Amino acid sequence: MDSSQRVADAAVGGAQGIADRPAAVWYDQGIVRLWLLCGAVWAVVSSVITAATLALMVHPEWTQGWPQWSYGRLGGVSWRVAAFGLMGSLLYAGMYLSIQRLCGRAMWRISLSYLHAIVWQVAVGVGTWSALTGRVPPRLSSQWVFVADVGLGIAGGLFLWNLLMTVGKRRVPNLYISLWFYLAGALVFPVAHFLATWAAFPLPGVQVAAWAGVTDGFLQSWYRQQILFFFLLMPALGLFYHAAPQLVGGRVPRYRAAVLQFWCMVVFGMAAGARYLHWTVIPDWISTLAMWGGVFLLLPAWAGAMNGWGVWKSRTGGRGWAGGLVVVIVVALSWWAIESAASSTRTLSPYTTMNDWSLAQDWLVLYGIAGLSGALGVLWLVRRVYYVQPPAVLEACAVGPLVLGTAGWVAAGFGGGAWHAFMHFRLDAMGVLVYPDYLEIVTAVRPWWLAQAILAAVAGVGWLGVAVLIVVSRWRARPPAPWVHSMCPVVALELELPDLPASELEGKPVLTLAAKLDRAKYFAFHRRWERRAGIFIIGVIAAGLLLGGLPLWSVASLQREARKSAGAIPYTPLELMGRQIFLTEGCANCHTQMVRPLVAEAARYGEISRPEDFAFDRPTRWGSRRVGPDLAREGGKKNGYWHWLHLQNPAEVSPGSVMPSFAHLLDQKLDFDAIRQLLRTEQALGIAYDPQWLVDDELSLQDRLFGEQTVLEQVVLRQGEEVAADIVRSGGPAGMFDRQGTALIAYLQRLGNPPAVAPVQPADTQ
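These numbers were taken from a predicted model, which means no experiment stands behind them.

1. Focus: the overall build of the protein
Step number 1: Across its full length, the protein holds 29 helices and 6 strands.
Step number 2: The buried share among the 766 residues of the protein stands at 61%.
Step number 3: Looking at the protein as shown, the accessible area adds up to about 28,700 Å², and 64% of this sits on carbon and sulfur atoms.

Following this line, the structure appears as structure tokens:
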């Protein structure tokens with residue numbers, strides 16, 4: 001009889017099923033079912049959004065008439081929906097069940113469990129809707145509308161508090177391996193989330209990033225790593241350690257490897273937060289710290305892969321889909337270890353960042369490790385909360401496409417990134433770019449994008465199968481109640497750890513200290529630590545303060561110095577409007593703005609980037625992937641009419657381009673009230689613009705008929721006329737000085753090409 005049947009007997013067998021057990025422990029199964037059903041819903045939503053996003057990469061013309069559905073706008077949405085909606089729901093479902101079983105009691109406060117679920121789902125739903133409707137300019141995997149981000153942070157805090165109190169009042173003396181990983185993830189996520197997504201409200205109802213320039217760029221990349229590492233990877237590994245041995249009838253063979261894996265992941269994972277920022281404007285010591293942290297991630301990943309392989313080898317059952325999932329997860333973890341160590345080095349990082357490779361790194365953790373662990377958790381959970389054996393055909397329809405699609409999708413991402421890097425950095429014997437035209441790279445990589453779209457659709461079919469599996473199991477279930485009584489002896493099944501051997505020096509004529517030191521190699525001290533959850537909490541907090549706090553303090557100091565630089569020149573009102581359009585349309589998802597000190601990049605894009613280039617950017621636009629060329633030094637390279645045609649029909653001036661049309665910007669006129677609001681926001685943030693620019697429009701209709709204009713309109717239209725004159729000189733249409741496209745062109749012409757005299761001065765350099 002397998003473990004699921006024993007649990008079912010305990011649930012429905014009444015007195016006969018529990019007669020030989022010492023005491024009953026009540027578990028709340030209702031919260032697990034709630035998270036499972038939410039995961040089924042997000043599996044459908046995430047699959048649709050992800051498939052649509054990747055399809056628009058290959059066929060940008062499909063957005064004709066629907067500019068709000070472009071790849072630029074959807075790119076960040078699909079990532080967050082998958083991470084917080086789908087993976088978050090499945091991982092929380094597994095954690096809620098395993099925490100109760102591992103602590104020998106129900107959650108400390110059931111009301112907190114349900115409040116956490118409700119707040120989380122509402123926050124993800126509101127955030128997704130706000131992003132799809134363009135309410136907040138997208139950032140690199142961070143910042144939804146403020147209420148949604150605050151909701152996620154509060155929900156994470158509720159879960160942390162409930163977890164800490166449950167662990168503190170547990171009925172089991174030692175903390176099992178899974179709880180270590182859960183504690184680390186729950187401690188880091190709320191702090192990292194609030195730091196990176198915190199917004200400033202300089203004016204009522206106006207939301208902007210609380211951080212600017214180098215600080216914001218660092219936090220966006222650091223947050224991306226912490227979400228992947230502590231929100232997804234750590235809970236996924238904790239769930240794997242708990243669910244995999246039960247599904248396949250095995251056990252964790254190497255206790256010391258698990259200890260080594262956990263503490264190394266906490267320390268090196270925090271240190272490697274900036275490992276994708278090599279060769280950027282961050283201080284060298286942070287880059288070095290991130291490099292060594294990333295390289296040493298090979299150690300804990302290797303230890304985890306050994307344990308995962310040992311679980312599969314020690315199996316007594318589960319030779320079907322569950323056993324196959326265990327093998328695939330171990331392979332994914334092994335590849336992640338090798339890839340992380342290699343891409344963290346300064347030598348290889350230029351080739352593995354700012355192209356499809358960097359995106360595949362996210363997919364590997366998000367879908368390959370966390371996603372498949374979540375699917376493994378579903379197979380385990382439906383047996384324990386619905387008391388049914390899922391039909392083999394449903395498991396096959398879910399796991400088969402999921403594994404094949406995910407593996408192929410991630411492989412296509414790495415393949416496209418490698419090909420992109422090869423062409424991007426290739427120089428001839430004279431040091432000249434072999435492929436100077438970026439569209440040559442786009443044309444060569446486009447088949448890889450098509451493969452990604454197709455394989456992502458296959459993986460989406462697998463996730464739809466997971467959703468169907470959950471719904472069918474719920475429909476077929478006959479549980480007695482959402483509360484199930486099981487017994488403390490379940491600990492013997494789920495907390496089985498190897499006995500520590502005695503020291504070889506015991507009883508020998510040696511010092512007692514020598515025997516204790518010899519026994520320490522078996523990590524006997526860690527068994528004592530496991531009786532004190534505070535040790536784990538203090539260790540995670542210390543690593544965060546030292547390895548996360550110091551780099552943040554350093555880049556904040558660098559940002560303050562950058563604002564004082566003579567090269568830090570604020571934007572004009574028209575350029576401010578153009579930057580807002582650039583952000584709203586999601587252009588940073590395809591165009592980076594960071595020229596690194598590399599020969600190929602300097603030859604292709606121009607002068608390397610400096611901290612003062614981003615001094616007044618909220619948010620920064622460093623980006624993580626180049627679908628189009630870098631725009632940090634775009635200003636002055638092409639005339640205004642070229643940009644006009646490029647916005648109207650990119651393929652006309654750039655054959656092979658995958659950029660969608662932004663013709664709607666060429667028809668929409670400037671909104672001077674919106675520009676005035678942007679200026680007021682910037683002034684509240686410390687930029688001393690001319691007060692006359694901020695005065696509300698009080699001109700009457702008669703004044704308008706006589707051609708009167710406000711001071712702001714005069715300033716904006718004067719620069720707009722300069723852009724329009726450049727368009728006309730190049731053979732373009734006349735009278736286009738007051739269009740939103742004109743503002744965007746003015747912004748693009750400003751990048752890397754600041755005016756000789758600053759139009760305004762910073763009022764506050766802090």
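2. Some details on the nonpolar core
Step number 1: Counting 179 residues, the largest nonpolar core has Leu36, Phe84, Trp120 and Trp336 as its most contacted members.
Step number 2: With 22 residues, helix α8 (residues 213-248) is the largest single contributor of residues to this core.
Step number 3: Once residues within four sequence positions are removed from consideration, Trp120 is found in contact with Trp35, Phe84, Tyr92, Leu152, Ala155, Phe189 and Phe231.

3. Quick word on the environment of Leu427
Step number 1: Mapped onto the secondary structure, Leu427 falls in the loop between α15 (392-425) and α16 (438-476).
Step number 2: Leu427 sits in the partly exposed class, given a relative accessible area of 32%.
Step number 3: Each C-alpha atom, one on Leu427 and one on Val599, is 9.1 Å from the other, the two residues being 172 residues apart in sequence.
Step number 4: Sequence-distant contacts of Leu427, that is, excluding residues within four places in its chain, are made with Val432, Leu433, Val434, Val599 and Ala600.

4. A look at the pairing of strand β2 (residues 199-203)
Taken residue by residue, a regular strand's side chains alternate between the two faces of the sheet.
Step number 1: Pairing between β2 and strand β3 (residues 206-209): 3 bridges, direction antiparallel. Residue pairing for β3: Ala199 is matched across the bridge by Ala209.
Step number 2: Hairpin connection of β2 to β3: 2 residues between the antiparallel strands, including Gly205 at a positive phi of 80 degrees.

5. Overview of the pattern of salt bridges
Step number 1: Going through the model one piece at a time under the given rule, you end up with 22 salt bridges.
Step number 2: Among the salt bridges present, the one from Lys638 reaches Glu634, with a minimum N-O distance of 3.8 Å.
Step number 3: Taking the shortest distance from any N to any O, the salt bridge between Arg676 and Asp673 comes out at 3.0 Å. Of this pair, Arg676 and Asp673 both sit in helix α26 (residues 672-684), 3 residues apart, roughly one helical turn.

6. Some remarks on helix α28 (residues 711-729)
Step number 1: When the terminal C-alpha atoms of α28 are compared, their 27 Å separation across 19 residues agrees well with the 27 Å that a helix rising 1.5 Å per residue should span.
Step number 2: Restricting attention to buried positions, one finds in α28 the residues Leu712, Glu713, Val715, Val716, Leu717, Gln719, Gly720, Val723, Ala724, Asp726 and Ile727.
Step number 3: At the C-terminal side of α28, Gly731 shows a positive phi close to 100 degrees.

7. Regarding the confidence of the model for the protein
Step number 1: When pLDDT is averaged across the protein, the result is 85; 86% of the residues are at 70 or more.
Step number 2: Across residues 1-22 the pLDDT falls below 50, and counting only partners more than four positions away or on other chains, this stretch makes 27 contacts in the model.
Step number 3: Low confidence marks residues 485-496, where pLDDT is under 50. Its contacts with residues over four positions away, or in another chain, come to 38 contacts.

8. Digging into helix α23 (residues 640-648)
Step number 1: Within the sequence span of α23, burial applies to Gly640, His643, Trp644, Leu645, His646 and Leu647.
Step number 2: Buried residues in α23 make contact with α24 (650-653), α25 (664-667), α28 and α29 (740-750).
Step number 3: Sitting at the amino-terminal end of α23 is Asn639, which places a side-chain oxygen 3.1 Å from the backbone nitrogen of Tyr641.

9. Some details on the packing of helix α10 (residues 284-296) against helix α20 (residues 533-564)
Step number 1: Contact geometry of α10 with α20 gives a least axis separation of 10 Å together with a crossing angle of 155 degrees. When the interaxial angle is binned, α10 and α20 end up roughly antiparallel. Judged by the sense of rotation from one axis to the other, the crossing of α10 with α20 is left-handed. Packed against α10, whose contacting residues are Trp285, Ile286 and Leu289, the element α20 presents Leu547, Leu550, Pro551, Ser554 and Val555 at the interface.
Step number 2: The class makeup of the residues in the contact of α10 with α20 is 7 nonpolar, 1 polar and no charged.

10. Overview of unusual backbone geometry
Step number 1: Going from Arg618 to Pro619, the amide bond is cis rather than trans, its omega being -5 degrees.
Step number 2: By the secondary structure assignment, Pro619 is in the loop between α22 (599-605) and α23.
Step number 3: With a phi angle near 65 degrees, Trp279 is a residue other than glycine that sits in the positive phi range.
Step number 4: Looking at where Trp279 falls in the secondary structure, it is placed in the loop between α9 (255-271) and α10.
Step number 5: Of note in the backbone geometry, Met354 takes a positive phi value of approximately 60 degrees without being a glycine.
Step number 6: Note on Met354: relative accessible area 8%, which makes it buried.

11. Observations regarding the packing of aromatic side chains
Step number 1: According to the stated counting rule, one finds 41 aromatic pairs in the structure shown.
Step number 2: Pairing Trp108 with Trp161 gives two aromatic rings, centres 6.1 Å apart and planes at 85 degrees, and the pair type is edge-to-face. Taken together, the residues Trp108 in the loop between α4 (71-103) and α5 (110-132) and Trp161 in helix α6 (residues 146-168) connect sequence positions 53 residues apart.
Step number 3: By relative accessible area, which is 17% here, Trp108 ends up buried.
Step number 4: Considering the side-chain rings of Phe268 and Phe296, the 5.3 Å spacing of their centres and the 25 degrees angle between planes classify their relative orientation as stacked. One end of the pair, Phe268, is in helix α9; the other, Phe296, is in helix α10, and 28 residues separate them in sequence.
Step number 5: Through a chain of ring-to-ring contacts, the aromatic side chains of Trp35, Phe84, Tyr92, Tyr96, Trp120, Trp144, Phe159, Phe189 and Phe231 assemble into a single cluster.
Step number 6: Above the ring of Tyr255, the side-chain terminus of Arg527 is found at 4.4 Å from the ring centroid.

12. Focus: the side chain of Thr572
Step number 1: By the element assignment, Thr572 lies in the loop between α20 and α21 (573-584).
Step number 2: Given the relative accessible area of 12%, Thr572 is considered buried.
Step number 3: Polar side-chain contacts of Thr572 include one of 2.7 Å to the side chain of Gln719.

13. Quick notes on the packing of helix α3 (residues 30-58) against α16
Any two packed helices are characterised by the angle at which their axes cross and by the distance between the axes.
Step number 1: Viewed as axis vectors pointing N to C, α3 and α16 meet at an angle of 165 degrees, and their least axial separation amounts to 8 Å. Relative to α16, α3 is oriented roughly antiparallel. As for how α3 packs across α16, the hand of that crossing is left-handed.
Step number 2: Taken together, the residues that form the contact of α3 with α16 break down as 18 nonpolar, 3 polar and 2 charged.

About the cut-offs
- Every chain's residues receive numbers from 1 upward, in the order its sequence appears when written.
- For this predicted model, a pLDDT threshold of at least 70 governs which residues receive local features, and a threshold of 80 or more governs which side-chain atom pairs are given and counted, while totals over whole chains, interfaces and linings are taken from all residues.
- The side-chain figures draw on all heavy atoms in the structure; neither hydrogens nor water molecules are used.
- Only runs of H or I of at least four residues qualify as helices and only runs of E of at least two qualify as strands under DSSP, and these elements are numbered from the N terminus.
- With a 1.4 Å probe rolled over the protein chains alone, any residue whose accessible area is under 20% of its type maximum counts as buried; one over 50% counts as exposed, and the rest are partly exposed.
- Method for areas: the Shrake-Rupley scheme with a 1.4 Å probe, in which residue coverage is limited to the protein chains shown.
- For this analysis, a nonpolar core means a set of buried residues of the types Ala, Val, Leu, Ile, Met, Phe, Trp, Tyr and Cys, connected via side-chain atoms within 4.5 Å.
- Working rule for contacts: check all heavy atoms of both residues, and any pair within 4.5 Å makes them a contact.
- Strands are labelled as partners when DSSP assigns at least two bridges between them.
- Put simply, a salt bridge is a Lys or Arg side-chain nitrogen that is within 4 Å of an Asp or Glu carboxyl oxygen.
- A helix's residues, less one, multiplied by 1.5 Å, set its expected span.
- Summary of the metric used: pLDDT quantifies the predictor's per-residue confidence within the range 0 to 100.
- Any pair of nitrogen or oxygen atoms within 3.5 Å is treated as a polar contact; in protein, a donor-acceptor pairing is required on top of that, and neighbouring residues in sequence qualify only through side-chain atoms on both sides.
- Axis lines are fitted to C-alpha atoms, over the contacting stretch for helices. Their N-to-C directions set the angle, which ranges from 0 to 180 degrees.
- For classification, angles of less than 35 degrees are called roughly parallel, those exceeding 145 degrees roughly antiparallel, those between 65 and 115 degrees roughly perpendicular, and all remaining angles oblique.
- Here a crossing is taken to be left-handed if its near helix is turned anticlockwise relative to the far helix by less than a right angle, and right-handed if that turn runs clockwise.
- Each residue is assigned to one class: nonpolar for Ala, Val, Leu, Ile, Met, Phe, Trp, Tyr, Cys and Pro, charged for Asp, Glu, Lys and Arg, and polar for all the others, Gly among them.
- Centres within 6.5 Å make a pair out of two Phe, Tyr or Trp rings, where for Trp the six-membered ring is used; the pair is then stacked when the planes are under 30 degrees apart, edge-to-face when over 60, and tilted otherwise.
- Only when the NZ of Lys or the CZ of Arg is both within 6 Å of the ring centre and within 35 degrees of the ring normal is a charge said to sit over the ring.

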